[in-house]
Structure formats: C-alpha cells, structure tokens
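Here is how the chains run, residue by residue.
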Amino acid sequence: MPLFDQLYNFACWLTQDRTEAEDLVQETYAKALRGFSSFQSGTNFRAWIYRILRNTFLTSRTGLKASAMVSLDAEDADELPAGPETPETVFISNSEQQMVQEALEALPVHFREILLLSETEEMSYQEISETLSIPIGTVMSRLSRARKALRKTLQQKLVKV
Amino acid sequence: MDKWTGQIEAYVDGELSAAEMRDMDAHLRTCPACTADALKQVQFKRAIQSAGRRYTPRADFRQKVRQSISARPRRSAVWIWLPATAVLLLLVAGVVTSHIKDQRLALQNTYSELADLHVTALASPNPVDVVSSDRHTVKPWFEGKIPFAFNLPELQNPEITLVGGRIAYLGQAPGAELIYRIRKHQISVFIFQERALGHLRQSDSAMQRQQETFNFLSWSQNGLSYFVMGDMSGGDLSKMADLFRNTG
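Because the structure is predicted, anything quoted here is derived from the model rather than measured.

Participant: Got a minute to help me understand the overall build of chain B in this structure?
Facilitator: Counting its secondary structure elements, chain B contains 8 helices and 7 strands. The buried share of chain B, reckoned over its 248 residues, is 27%. Restricting the contact set of chain B to residue pairs at least 6 apart, pairs at least 24 apart contribute 58%.

Participant: Explanation requested: the packing of helix H2 (residues 18–34) of chain A against helix H3 (residues 45–58) of chain A in the structure shown.
Facilitator: When two helices pack together, their arrangement is given by the angle between the helix axes and by the axis-to-axis distance. Residues and elements named next belong to chain A. Relative to each other, H2 and H3 sit at 125 degrees, their axes nearing to 9 Å. Taken together, the axes of H2 and H3 lie oblique to each other. The two elements H2 and H3 cross, and the hand of that crossing is right-handed. Contacts from Leu24, Glu27, Thr28, Lys31 and Ala32 of H2 reach H3 at Ile49, Ile52, Leu53, Thr56 and Phe57.

Participant: What is the right way to look at helix H6 (residues 109–120) of chain A in this model?
Facilitator: Because the α-helix completes a turn every 3.6 residues, residues three or four places apart line up on one side. Residues and elements named next belong to chain A. Look at H6: 15 Å from first C-alpha to last across 12 residues, which is about the 16 Å you get at 1.5 Å a residue. Most of H6 is tucked away: 11 of the 12 residues are buried. Those residues of H6 not exposed but buried are Val109, Phe111, Arg112, Glu113, Ile114, Leu115, Leu116, Leu117, Ser118, Glu119 and Thr120. Two residues or fewer past H6, Glu122 is found with a positive phi of approximately 50 degrees.

Participant: Would you mind going over the environment of A:Val139 with me for this structure?
Facilitator: All names here are of chain A. When you line up the elements, Val139 lands in helix H8 (residues 136–160). In the structure, Val139 is positioned 10 residues away from Ser129 in sequence and 6.2 Å away in space, judged by C-alpha atoms. Dropping the residues within four chain positions of it, Val139 is found in contact with Tyr125, Ile128, Ser129 and Ile134.

Participant: How should I be thinking about helix H8 (residues 234–247) of chain B in this particular structure?
Facilitator: All names here are of chain B. When the terminal C-alpha atoms of H8 are compared, their 20 Å separation across 14 residues agrees well with the 20 Å that a helix rising 1.5 Å per residue should span. For H8, the set of buried residues is Leu237, Met240, Ala241, Leu243 and Phe244. The buried residues of H8 all sit within an arc of 150 degrees when viewed along its axis, so they share a single face. Along H8, exposed side chains directed more than 90 degrees from the buried face belong to Gly235, Asp242 and Asn246. Against strand S3 (173–182), strand S4 (185–193), strand S6 (215–221) and strand S7 (224–230) lie the buried residues of H8.

Participant: Just checking my understanding: could you explain the interface of chain B and chain A for this structure?
Facilitator: Accessible area lost when the parts come together is the quantity often used to give the size of an interface. The partner chain A presents 33 residues to the 32 residues of chain B that form the contact. Among the secondary structure elements, those contributing two or more residues to the side of chain B that touches chain A are helix H3 (32–52), helix H4 (59–75) and helix H5 (78–123) of chain B. For the side of chain B that touches chain A, the element with the most residues is H3(B), which contributes 10 residues. Looking at the side of chain B that touches chain A residue by residue, the classes come out as 16 nonpolar, 6 polar and 10 charged.

Participant: Looking at this structure, how should I read the pairing of S7(B)?
Facilitator: Every other side chain in a regular strand lies on the same face of the sheet, so the side chains alternate between the two faces. All names here are of chain B. Among the 7 residues in S7, 7 count as buried, and that is most of the element. Burial along S7 is two-sided: Leu224, Tyr226, Val228 and Gly230 facing one way and Ser225, Phe227 and Met229 facing the other are all buried. Where S4 lies against S7, 7 bridges are found, and the strand directions are antiparallel. In the sheet register, Phe190 faces S7, and the bridge partner there is Phe227. Direction of pairing for S6 relative to S7: antiparallel, over a ladder of 7 bridges. Looking at the pairing, Ser220 lines up with Ser225 of S7.

Reading guide: rules and limits
- Residues numbered from 1 in each chain as written.
- Chains lettered and ligands numbered in written order.
- Predicted model: local features only at pLDDT ≥ 70, side-chain atom pairs only at ≥ 80, totals over all residues.
- Helix = DSSP H or I, 4+ residues; strand = E, 2+ residues; numbered from the N terminus.
- Buried ≥ 20, exposed ≤ 12 C-beta atoms within 10 Å, placed from the backbone.
- Contact = placed C-beta atoms within 7 Å.
- Axes fitted to C-alpha atoms, helices over the stretch in contact; angles between N-to-C directions.
- Parallel < 35°, antiparallel > 145°, perpendicular 65-115°, else oblique.
- Left-handed = near helix turned anticlockwise from the far one by under 90°.
- Expected span 1.5 Å × (residues − 1).
- Arc of directions from axis to C-beta.
- Nonpolar A, V, L, I, M, F, W, Y, C, P; charged D, E, K, R; others polar.
- Pairing = 2+ DSSP bridges.

What follows is the structure, encoded as structure tokens:
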C-alpha cells in the first residue's frame, strides 16, 4: 500500500487519536480506490491521496471542531524578540523532541498540517499547494507563520522549564 | 528585513531558483549573521522533521486495510477495477523505484556511519562503557540511557562471548552498541528505534551485504532496527543475527 505509514502518521497528528486515525486512513484508501478515475495521470499522486485524507478529516466531527477552533488572528503570530536561548539552540535530546511534539499538538490544525507536510513529509511548496488546494504564495506565508507560531509556543515552554 | 533575510526561509526549504541559490551561497560565504540564521532554520526544520515522525501503524491494522483493499474488487465488477489497478500499479512502481533509490543511498550512508562506529570500537583501548559478559548486567545498564528496551540473547555457543556495551548515535538517534567476540573476531550489534532513524531507516526486509571491509546484516523487528557488523563470514553474522531474532 503506497504511503501507508506516512498517511497513518499524518492522520494521527490531525486527529490526535489513534482509533480515529485508523478510520481516517481506511476511509482514505477506500475513497482513493473508488475515486481513482478522478486522479489525473501525470499529476502528483502523493498530493492527491493526502488531499483525500485531509478533506475526509475536515468533514469529520473532529475535523469540523478543529477547524472551527481556529481564531481569526491565529494566522498572525507576533514577531518574537531575540533572546539568548532560542528554541533552535536546544534541540538535541529526546526530552526536547517531546517538547516539539507537544508544541506541534498545541498548534491550530492548519499550522500543524503545513509544518508536517513541509518538514516531515518533505513536500515541495508545489506539492503542499496541491494537497491543501491553496496558492503557492499562501503556502509560503502560512508556512512562515506556522514556524513563528511554533517558535513562540516553544519559547513559552522554555520559559516555564 | 533585507533581501537576503527574506530569502533564507525559501533557501533552507530548497525553493529558490538555481540562480538565486548561487547568489545566496555566495552571500552566505561573506555574511556570518545570515549563515547563523540559515543554520538555525535548518536545525529547526530537522527538529520538526524528527518530532513529526511519531506514530507507527499497528501490524493488524495494516493487515486489515490490506485485506479490505484486496477484498474490494471481488465485490464489484472486476473489469472496472482492472484498468484503474493497472494505472495504480504503474504509479506505485514509479514511487517505489524512486523510493528504492533513496533507500539504497540511505543504506549506504547508514553502513558508512556504522562502519565508523565499529572501527572506533575496534581501535579504542576502552571499546565499551559497561564491561561485562553477563547479559543481566549489560541490559540494565542501558535503562534510562536510551529511550527503548531490548532483549539480549542467552549465549549457549562457547565460541561467542559478550564483551560489553555502549551508547551509539546514528543520525542523532541514541541506541545501543553491543560488542561480542566470536573466536578472535569482534562483532558489533547496533540497536536503534526504527522510527527514530527516519530517513536512515532500512526496508522492512532483512538485508545482508558484503563490503570491502566488513560484512553487514540488518533487519527490523518489533519497532527496533538491528545492524550486525563484523569482519567474519556471513555465516557467523547470520548466527549472531538469529540469536537476536529469536530473543527480540
């Protein structure tokens, strides 16, 4: 099954629940097979199947709730003042990996998904644009804001530690 | 924000045009501030990448989905599915081919890194951090030092002895290196978490290869990746691997 592990990982990050993630992945494969005629040969298969998964998630109860929780100003994370200890300087051990995971969990879903597609799935801006059905300019600005938001969350966590 | 600062993000994402990339490379050679910024952003990307690889599907779920997919054509008209399946197979073949190329490269890198670790152990006067031939001493020593647990085989063959163990890092992931001796030869067994290895991860199937220097055998089991390396014959290596397979 193509991309099974990656889709499952992505589904878990979206739903934050393994049972829901399993349902989501299963439904995605079922829809992909049913709707294979809508896939245009020569276009990006990965972006296509991720798009199915994401759209299925967004119409689920959890997905509707998650996208409804995005506040209007969530897109604009403030610029951070530079401190001596930046989140980047401390990413070494597992405990810090856990901190990044918690920070990712805390992000609004549209920031979390774009970071995962870009960094974990190593998708290009073009692929992300196809997956999320948004223009490349929006991919760049949203990705940039998502990174800032993650840095901000991490910095807040570092202050608490 | 000047021109360069604004482009660093696209630069580390590999999204600048070839000409812009060359300009940025030239600029970074002369600007420590931008170089430091680019480096920080690369580290940040890596941190997210590794944190993002978090969830692995259960084996029975994989099986369930596989079955549901293979059962589907029998329930509906097969002739509708045949062309679609053929196209899907072609696509999958394309994805798999490029994936295999990536994996081959990743495996080569993994091999080189592990060979370095193995040579370091061979050359070092103190090759291990915990010196013991008793698996009940070596195994608990790793507790709390690495983020997973593993089992060590009971050695019944008098030709094989456990020398000890130490912490090893592969692609920044911590793991265990166990050193054994078979006759006069030293053998390293590396154990890492499969998901922590990310892009270095080898395929699910067991893999054995002979290089100019060492023989190398790897496989994955219960979420852990095992690598056995030494200068003895493939048969001895397989013997060692079987001991772990039957224990893990």
